[in-house]
Amino acid sequence: MKYSFLILFALCCLFACDTAKNSRATSGSDAERHRPAFHFTPPEKWMNDPNGMFFYEGEYHLFYQYYPGGTVWGPMHWGHAVSPDMVHWKHLPVALYPDSLGLIFSGSAVVDWNNTSGFGKNGRPPLVAIFTHHLMAGEKAGRHDFQYQSIAYSTDKGRTWTKYAGNPVIPNTAGIHDFRDPKVIWDKQSKQWVMAFAAGNHVKLWGSPDLKHWTHLSDFGREWGSHAGVWECPDLFPVTVDGSGEQKWVLLLSINPGAPNGGSGTQYFAGNFDGKNFVLDERFAASVRGEKGIWLDYGRDNYAGVTWSDIPASDGRRLFLGWMSNWDYATLVPTASWRSAMTVPRALRLKNTPEGLRLYSEPVRELASLRGKKTDIPAADIDGNLVINTLSTASEIDLEFEWKAGETPQPFGLELFNARGEQVSAGFDAAKQQLFIDRSKSGNMAFSPKFSSREVAPYRPAGQRIRLHCLIDVASIEVFADGGACAMTDIFFPTEDFTGLRVFGKGVRVLPGKVWDLKKVR
Ligand code: FRU
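Report follows, based on the coordinates. (Residues numbered from 1 in each chain as written. Predicted model: local features only at pLDDT ≥ 70, side-chain atom pairs only at ≥ 80, totals over all residues. Heavy atoms only, no water.)

**Topic: the site of the ligand**
1) Next: Residues in close proximity to the ligand total 14 residues, the closest being Asp49, Gln65, Arg180, Asp181 and Trp327.
2) Next: In the environment of the ligand, an oxygen atom lies 3.1 Å from a nitrogen or oxygen atom belonging to the side chain of Asn48.
3) Next: At 3.2 Å from an oxygen atom of the ligand is found a main-chain nitrogen or oxygen belonging to Ser106.
4) Next: For the shell around the ligand, the secondary-structure elements that each account for two or more residues are β1 (45-56), β5 (103-111) and β9 (180-187). (Near = heavy atom within 4 Å. Polar contact = N/O pair within 3.5 Å; in protein donor to acceptor, adjacent residues only side chain to side chain. Helix = DSSP H or I, 4+ residues; strand = E, 2+ residues; numbered from the N terminus.)

**Concerning unusual backbone geometry**
What you tend to see is this: most non-glycine residues have negative phi, and most peptide bonds are trans.
1) Next: Of the consecutive residues Asn167 and Pro168, the connecting peptide bond is found in the cis state with omega at -5 degrees.
2) Next: Of note, Pro168 is situated in the loop between β8 (162-163) and β9.
3) Next: Across the junction of Asn256 and Pro257, the peptide omega takes the value -10 degrees, indicating a cis bond.
4) Next: Mapped onto the elements of the fold, Pro257 is located in the loop between β14 (247-256) and β15 (265-273).
5) Next: For Lys157, which is not glycine, the phi torsion reads 55 degrees and is therefore positive.
6) Next: Within the chain, Val474 stands out as a residue other than glycine whose phi angle is a positive 65 degrees.
7) Next: Along the chain, Val474 falls in the loop between β29 (465-473) and β30 (476-481).

**Things to note about the packing of aromatic side chains**
1) Next: Within the structure shown, the criterion is met by 35 aromatic pairs.
2) Next: Measuring from centroid to centroid gives 4.8 Å for Phe447 and Phe451, while their planes differ by 55 degrees, and the two rings are tilted.
3) Next: Phe451 gets classed as buried once you look at its relative accessible area, which sits at 0%.
4) Next: An aromatic cluster of at least three residues, connected via ring pairs, comprises Phe40, Phe55, Tyr60, Tyr64, Tyr66, Trp89 and Trp308.
5) Next: When the ring centre of Tyr360 is taken as origin, the NZ or CZ atom of Lys351, which lies over that ring, is 4.9 Å away.
6) Next: Looking at Arg502, its charged tip hangs above the ring of Phe417, at a distance of 4.1 Å from the centre. (Phe/Tyr/Trp six-rings, centres within 6.5 Å; stacked < 30°, edge-to-face > 60°. Buried < 20%, exposed > 50% of the residue type's maximum accessible area, 1.4 Å probe, protein only. Lys NZ or Arg CZ within 6 Å of the ring centre and 35° of its normal.)

**Considerations on the sheet that holds strand β19 (residues 338-339)**
In a beta sheet, neighbouring strands are held together by backbone hydrogen bonds and run either parallel or antiparallel to one another.
1) Next: Taking strand neighbours across the sheet as the criterion, the five strands line up as β4-β3-β2-β1-β19 in an open arrangement whose pairing is mixed. Each edge of the open sheet is held by one strand with a lone partner, namely β4 (90-96) and β19.
2) Next: Of the pairings in the sheet, the one linking strand β3 (residues 77-83) to β4 comprises four bridges and is antiparallel in character. Residue pairing for β4: Val82 is matched across the bridge by Lys90. (Pairing = 2+ DSSP bridges.)

**Observations regarding the side chain of Arg502**
1) Next: Along the chain, Arg502 falls in strand β32 (residues 500-510).
2) Next: At 2.3 Å, the side chain of Arg502 forms a polar contact with the side chain of Glu415.
3) Next: Once you skip the residues sitting within four places of it in the chain, Arg502 turns out to touch Asn385, Leu386, Val387, Gly413, Leu414, Glu415 and Phe417. (Contact = heavy atoms within 4.5 Å.)

**Some remarks on the pattern of salt bridges**
1) Next: Inspection of the entire model under this criterion finds 36 salt bridges.
2) Next: Of the charged contacts, one joins Arg349 and Asp242 as a salt bridge, the two residues approaching to 3.0 Å between their closest N and O atoms. In this pair, Arg349 is assigned in strand β20 (residues 346-353) and Asp242 in the loop between β13 (230-240) and β14, connecting sequence segments 107 residues apart.
3) Next: For Arg349, a relative accessible area of 28% puts it in the partly exposed group.
4) Next: On the accessibility criterion, Asp242 (30% relative accessible area) is partly exposed.
5) Next: When the shortest N-O distance is used, the salt bridge between Asp242 and Lys351 registers 3.9 Å. Taken together, the residues Asp242 in the loop between β13 and β14 and Lys351 in strand β20 connect sequence positions 109 residues apart.
6) Next: Its relative accessible area of 23% is what places Lys351 among the partly exposed residues.
7) Next: Via salt bridges that share partners, Asp178, Arg180, Asp181 and Glu232 belong to a single interconnected network. (Salt bridge = Lys/Arg side-chain N within 4 Å of Asp/Glu carboxyl O.)

Structure (structure tokens):
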């Protein structure tokens, strides 16, 4: 967050009353209005960033920034849930509570397989969480050293956590105002734990043999990428370039404000890491020189996302989850009993493209278990509008569009609509080579002047064809173009559910496609 957390907390309290009124007006007596069917949401109250994600003994763990005292941002705890498949979640009690060292801000968790920390018990590896302690009293007193990195451990499958008596493990001796969000991995090559965390305008890398004693390795990023806001929530991990066997490293980096379409967004960098320095791949460097960012998602609502730790090598995927909101309006969105959802889990792949190394993201295959009734969409030339379905509020739409070489069709795509004239559209503008989502007529937008928007993403399909794979879930749309080459995520709040689907365009042909109703997970 750009603003001091103190100011944010005060503002949240002020807005809380206003928003409660607002919510009642738009949602009638239904406290669950806008609750997604298959996206992760907290059972109640406020949630922001995903934290501490790891896989252990058949369970995907998800922790998250949580304020159990209200539906706006407040003193941070780590909420907790587990899942066998990243789709069906079981809520568990709050895992980490604020203490005398501060609130529990974002961070990560790892399985310490070799018990390097010594926290293990009865031959079982400990689970170690690494997070930022944020001392409100320090911030209030105008100090700059109120954020520092601490750890906690669990020896009962993450059910209970003990804070390390030697916290903080990385004190903020230099007094760096923004000094947070540690993400830790075990680096096989340099045989050490490597921590990446954000320090205002750059990322710091630190190394450790045991998760308790850390030394500074290097800094990255002052001169690369977008610096239009504060850097937050980095994630550095190795990844094999698709189809080549070559290993590269990717650094995800969230920034607020400064996203390409406003507010919060996540950029990324591709390069090499030698156990000390992260150095950009040469071609990639050219794309992020001079304040330019390459973004993981060009929609408004995918922020602070990081990847799961300890996914078994036999699986091999790099799995990601983001917070499906934006600090521009997160505390104001018109939901009543809870606030905000996560994106669907996504598998990330690094590909060598004509533009250089690029990250692709696609919904994980486990989501296919939600598919219910399928509707086949026959091929058709689109000339104006084609209403092809009565849409379920939770659905998956997989359509491919084609146009003639040498011709430039008008913007085309799909539109969700209701009987009140509210709509959200997503599609492609071939003349401008842009993917877009338009939520400027999406229903309730009065809660924030920053909400209404039409967003674009620069995108150049390989030929005269584009596949749009979309997940719709009551109050959100996630669009993945051409197998995840470009992704866009947006939330919206219609005053009546969207139950209509229209394919629109002129001079374009839709190929045989599919629409599935998706099941509720709760
Ligand atoms: C990102 C962020 C983090 C911080 C957390 C506080 O959304 O601002 O930098 O740790 O949220 O809740």
